[in-house]
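A closer look at the structure
The lines below spell out each chain.
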Amino acid sequence: MSGKMQIKLKVNGEDHEFSAEPRELLVHALRERLNLTGSHVGCETGHCGVCTVTLNGKSIKSCTMFVAQADGAELTTVEGMGSPDNLHVLQEAFREHHGLQCGYCTPGMIMRAAKLLEEIPNPTEEQVRFGMAGNLCRCTGYQNIVKSIMAAASEMNSAKEAAQ
Ligand code: FES
Ligand code: FES
């Protein structure tokens with residue numbers, strides 16, 4: 001008997017419907033079924049954060065959820081943040097402040113940082129370090145990652161002030 005089920009997801013504003021094994025991990029469905037390969041696979045045990053996406057408004061690690069549990073959800077992945085010609089403020093800040101080296105952790109960092117800045121728009125460095133504690137980087141070191149996020153926060157706040 002086939003145990004596949006029909007799954008509906010709205011990802012980056014687009015509706016998708018596909019059939020999958022209920023036990024398939026959400027990160028694998030995003031990458032292999034929807035071809036959204038920005039969400040990476042690292043530890044697959046919820047420790048490294050390279051698979052971080054936003055699901056129904058919350059940061060989640062997409063390796064910790066079965067696709068069946070996400071049925072009907074709205075997601076944002078790094079592909080929904082910016083494009084090479086039109087980078088998101090955070091992506092631009094990571095580029096400018098050398099917040100990456102190999103880039104493997106970066107999509108997860110960007111997704112987590114975006115949510116963090118939504119929750120705390122004007123964070124202290126300590127709040128950034130605490131808020132990003134579930135995202136690991138094996139190469140850059142955290143100094144420039146924190147610097148990038150602080151720079152993006154300040155950029156976003158100035159843009160908000162200018163718009164008022
Ligand atoms: S791959 Fe998901 S937390 Fe490491
Ligand atoms: S930039 Fe290489 S793992 Fe973070």
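The paragraphs below set out a description of the structure included in this document. (Residues numbered from 1 in each chain as written. Chains lettered and ligands numbered in written order. Predicted model: local features only at pLDDT ≥ 70, side-chain atom pairs only at ≥ 80, totals over all residues. Heavy atoms only, no water.)

Each helix and strand counted, the protein chain has 5 helices and 5 strands in total. The helix and strand sequence of the protein chain, counted from the amino end, reads β-β-α-β-β-β-α-α-α-α. Taking 164 residues into account, the globule formula puts the C-alpha radius of gyration at 15 Å, and the protein chain, at 16 Å, falls close to it. C-alpha atoms of the protein chain, sized along the principal axes, occupy 55 × 35 × 25 Å. Within the protein chain, contacts between residues separated by at least 24 positions form 55% of all contacts whose residues are at least 6 apart in sequence. With an accessible surface of roughly 9000 Å², the protein chain has 49% of that area assigned to carbon and sulfur atoms. For the protein chain, the centre of its 15 positive side-chain charges and the centre of its 19 negative side-chain charges are spaced 5 Å apart. (Helix = DSSP H or I, 4+ residues; strand = E, 2+ residues; numbered from the N terminus. Rg over C-alpha atoms; globule rule 2.2 N^0.38 Å. Contact = heavy atoms within 4.5 Å. Areas by Shrake-Rupley, 256 points an atom, 1.4 Å probe, with all protein chains shown as cover. Lys, Arg positive; Asp, Glu negative; His and termini not counted. Charge placed at Lys NZ, Arg CZ, Asp CG, Glu CD.)

Attention now moves to the sheet that holds strand β3 (residues 52-55). Strand order in this open sheet of 5 strands is β2-β1-β5-β3-β4, and the pairing throughout is mixed. Taken across any chain shown, the strands that pair with only one partner, and hence form the sheet edges, are β2 (14-20) and β4 (58-61). On average, each strand axis in the sheet is inclined to that of its neighbour by 40°, with strand direction left out of account. Across 7 bridges, strand β1 (residues 5-11) lies against β2 in antiparallel orientation. (Pairing = 2+ DSSP bridges. Axes fitted to C-alpha atoms, helices over the stretch in contact; angles between N-to-C directions.)

Here we come to the packing of helix α2 (residues 89-96) against helix α3 (residues 106-119). Where α2 contacts α3, the axes come no closer than 10 Å and their chain directions differ by 125°. Relative to α3, the element α2 is oriented oblique. As for how α2 packs across α3, the hand of that crossing is right-handed. Packed against α2, whose contacting residues are Leu90, Gln91 and Phe94, the element α3 presents Thr106, Met109, Ile110, Ala113, Ala114 and Leu117 at the interface. (Parallel < 35°, antiparallel > 145°, perpendicular 65-115°, else oblique. Left-handed = near helix turned anticlockwise from the far one by under 90°.)

Its place among the elements puts histidine 40 in the loop between α1 (26-33) and β3. The class for histidine 40 is buried, based on a relative accessible area of 14%. Polar side-chain contacts of histidine 40 include one of 2.7 Å to the backbone oxygen of tyrosine 104. (Buried < 20%, exposed > 50% of the residue type's maximum accessible area, 1.4 Å probe, protein only. Polar contact = N/O pair within 3.5 Å; in protein donor to acceptor, adjacent residues only side chain to side chain.)

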